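# Coordinate inspection notes
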Amino acid sequence: MAEGLQIGQLIQKENLTGNELIPFQQGSSNGSMSTATLKKYIGTGGGTGGGTDYMNYITEYNVSVQHPTSGTGGTNRYTLETAIVQVPPELRNIGLKVSFINSAGKVETWEFQGGTFTSIDNWIRQALNVDVENISVNKISSDKIKSNKTIDNSGNIISSEGRCVVDGFDIGDMDYLYTNCYGIYFYKKTENGLTYLNWKRANAATGRNISKIPKEKESDYCRLLYTTEVPGKYFSGKENFIFTEFGVAEVPILDYSKNLITESILIKGYNTVNGSLSVNEEYNTTQLIDIKDAKTVFTNAYSVALFTSDGSYIGYTGSQTDSFRELKINQSPAYRYAVFNFNKNTHAFVSLHYFPCNPNSIDMDSTMNHDEILRMAFSGKKMTSFGDSIVELASWQKYVWKYFNMADHYNRGIGGSKVTSVGYKNKLVDEYGYYHASNPSEGTISIKDYMCGDERVSTIPLDTDILIIYASANDISGSVELGSIDDGDETHFYYAYALMIRKIIKRIPNAKIFVCTPHNFYNKYEDADYPYKNNQNLTILDYCKVIKDIAAIYGIPVIDVNGLSGISTLTITKDLGDQVHPNNIGGQKIANVIINTLIRFAPIGLQEPRVEDIFH
């Protein structure tokens, strides 16, 4: 052996002859053995019987290393299905971990749970520290997605064309679940497997919004059901969300170039409550990071220790689980440095003067923007949209409630429905009043769908803070007569719209109600110079005038989508997907008008002046 070198510094030998000698110690004596002797010893299981019991002690098998040319296209890249068939039969024991490089060049590790070894349903993927670009608050990964599956009334996964199940998540430490799926199915884990408890509806089938759903009591596991193909599937728990000062949850899209943490400043261990370092392999802590002039720190550290300019310990701030959040720093002159503590599996992140959830954040030390103040007036409120398919398809609502940081959105749209009772239909809604358009049979309560009727109005949630009514398209295309406000005829638009408004005000008297005029639509000449007329020889503007008149009578603000959105007879093919329903461009145009109108009518709390008003 070369003198002065450690074993790791010697040249590695890949091809062995069996004559190489390996040193060992036995009791108080030293000795050596050949690699051939070692091979024979291992091959007999440590004895002379010639068995292979030693295989039971192998717990991990790297397919890409052992089979470097048997993967996709003769490479070392595999899928789980192609990797597990490479594992020798004698290694196929419960608990075996199989590692391989996937098509993206990343390492995946899976653990066998028992049953048929080559069935991918019997494997669970192991959590790994991943590269920065793959870090996400979204807990859904491709291996959890089971296409053409649904969940039956007993909580079992069964085949169903066009549906999708995501299986599944441990939720024992979560209070709320955040997802864009249609339904969440809750289970209790027992020694015999999963016991089904209940399910809750989460969203419309479109998957366009993320809802906050309370966890079912006693549950510690859940599965997600998507009733249609949704490309952007999402699931997370509260610990992965940032909560702003005004009580709003949003998903952060992180700019990792702003991360101050590098490997060179991380230390194994954590900073104790007295400011000293305790060495511990389960944690990472940082060297001193300069936080001078920082009003906030954005981090996922589980705790932060503060120090003076000379390195003297001050105390802790922001102690909690390792979740992304903004920490406000007391602007004491004494605060100069901070040390951040992380669990070892957390990808450490620290940034100053950066808050990804609110890029237009407010500087509390300067004059606040007027629109920003009004925007805050709706923060944390619950919004309901009420109407026909323009509401049901949710092309504009998400922009509105996200812009204002509202707490929730209730969609109460039913496609094909009218304000009047002309040609009404019976529709099934769930116990909360929601109509599931892609699978109507899932409703349990039958209602008449016309909007001036008691049954339809009763679907509006009583905890609604802001109601936006977007209705009349089917009355217009159905050539409904206008009539008058007092003719008592529910088949006439004027009377029916006024009746609907009166009933809604009575149901939610404390809510802020807005009515929308309908956008221009349904022109048989597509991009035409002249507006559409129905069989009554009436234009959309004729119905808009009725809506504005009724709103003025009952003191309700009008959102003039027709006049202000820019959706016109000249832009129908660009803004509408089928001459009626807004596409993404049209939805954004509608949302812009609604947002600006809500800002205009934002409630402002006024107090009695403390000084006398002197008249002169």
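Model, not experiment: these values are computed from the prediction.

Once that is clear, we can look at the overall build of the protein. For the protein, the count of helices and strands is 13 helices and 34 strands. Within the protein, buried positions represent 44% of all 616 residues. Counted over contacts in the protein with a minimum sequence separation of 6, partners at least 24 positions apart contribute 63%. Carbon and sulfur atoms make up 49% of the accessible area of the protein, which amounts to about 32600 Å² in all.

It is worth spelling out helix α9 (residues 493–507) at this point. Between its first and last C-alpha, α9 extends 21 Å over 15 residues, near the 21 Å set by a 1.5 Å rise per residue. Here α9 has its buried residues at Phe-493, Tyr-494, Tyr-495, Ala-496, Tyr-497, Ala-498, Leu-499, Met-500, Ile-501 and Ile-504. On its buried face, α9 sits against β28 (382–387), α7 (454–457), β32 (466–470), α8 (473–477), β33 (512–516) and α10 (540–554).

On to the sheet that holds strand β10 (residues 183–190), then. As summarised here, the arrangement of the five strands in space is β7-β8-β13-β10-β11, forming an open sheet in which the pairing is antiparallel. The sheet is open, and its two edges are formed by β7 (145–151) and β11 (193–201), each paired on a single side. Taking each pair of neighbouring strands and ignoring which way they run, the sheet shows an average axis angle of 40°. Bridge count for β10 against β11 is eight bridges, and the pairing is antiparallel. For Lys-189, the partnering residue across the bridge sits in β11 and is Leu-194.

As a further point, take the pattern of salt bridges. Two side chains of opposite charge can pair, provided their charged atoms sit close to one another. In this structure the tally under the stated criterion is 13 salt bridges. For Arg-223, the salt bridge identified is with Asp-167, shortest N-O distance 3.0 Å. Residue Arg-223 is found in strand β13 (residues 221–226), and its partner Asp-167 is found in strand β8 (residues 157–170); the two are separated by 56 residues along the sequence. For the pair Arg-223 and Asp-167, one class covers both residues: buried.

Time to look at the nonpolar core. Formed by 66 residues in total, the largest nonpolar core has its most connected members in Trp-396, Val-400, Ile-469, Tyr-497, Met-500, Ile-504 and Leu-598. For this core, the leading source of residues is α9, giving 10 residues. Here Tyr-497 is in contact with Val-419, Ile-469, Ala-471, Val-515, Cys-516, Ile-547 and Ile-550, once residues within four sequence places are set aside.

On average, residues of the protein score 79 in pLDDT, and 74% of them are at 70 or above. Segment residues 239–251: pLDDT under 50, and 45 contacts once partners within four positions in sequence are set aside and those in other chains are kept. Counted against residues more than four places away or in other chains, residues 357–368, with its pLDDT under 50, gives 13 contacts.

What follows concerns the state of the cysteines. By definition, a disulfide is the covalent link that joins the sulfur atoms of two cysteine residues. Summed over the entire model, instances satisfying the criterion amount to zero disulfides. Here Cys-222 stays free of any disulfide, with the sulfur of Cys-181 as its closest cysteine sulfur at 7.9 Å.

This part takes up unusual backbone geometry. Residue Gly-168 is reached from Asp-167 by a cis peptide bond, and omega for that bond is -10°. Even without being a glycine, Asn-537 presents a positive backbone phi close to 60°. Of note, Asn-537 is situated in the loop between β33 and α10. Taking relative accessible area as the criterion, Asn-537 reaches 53% and is therefore assigned exposed.

Attention now moves to the pairing of strand β29 (residues 408–413). Summarising burial for β29: six of the six residues are buried, a large majority. Side chains of β29 alternate between two faces, with Asp-408, Tyr-410 and Arg-412 and His-409, Asn-411 and Gly-413 buried alike. With six bridges connecting them, β28 and β29 associate as parallel partners. Within β29, the position partnered with Thr-384 by the bridge is Tyr-410.

Structurally, Gly-71 can be placed in the loop between α2 (63–66) and α3 (80–84). When its relative accessible area of 14% is taken as the criterion, Gly-71 is described as buried. Between the alpha carbons of Gly-71 and Ala-83 there is a distance of 7.7 Å; along the sequence they are 12 residues apart.

Quick notes on the rules
Residues numbered from 1 in each chain as written. Predicted model: local features only at pLDDT ≥ 70, side-chain atom pairs only at ≥ 80, totals over all residues. Heavy atoms only, no water. Helix = DSSP H or I, 4+ residues; strand = E, 2+ residues; numbered from the N terminus. Buried < 20%, exposed > 50% of the residue type's maximum accessible area, 1.4 Å probe, protein only. Contact = heavy atoms within 4.5 Å. Areas by Shrake-Rupley, 256 points an atom, 1.4 Å probe, with all protein chains shown as cover. Expected span 1.5 Å × (residues − 1). Pairing = 2+ DSSP bridges. Axes fitted to C-alpha atoms, helices over the stretch in contact; angles between N-to-C directions. Salt bridge = Lys/Arg side-chain N within 4 Å of Asp/Glu carboxyl O. Core = buried A, V, L, I, M, F, W, Y, C linked by side-chain atoms within 4.5 Å. pLDDT = per-residue confidence, 0-100. Disulfide = S-S within 2.5 Å.

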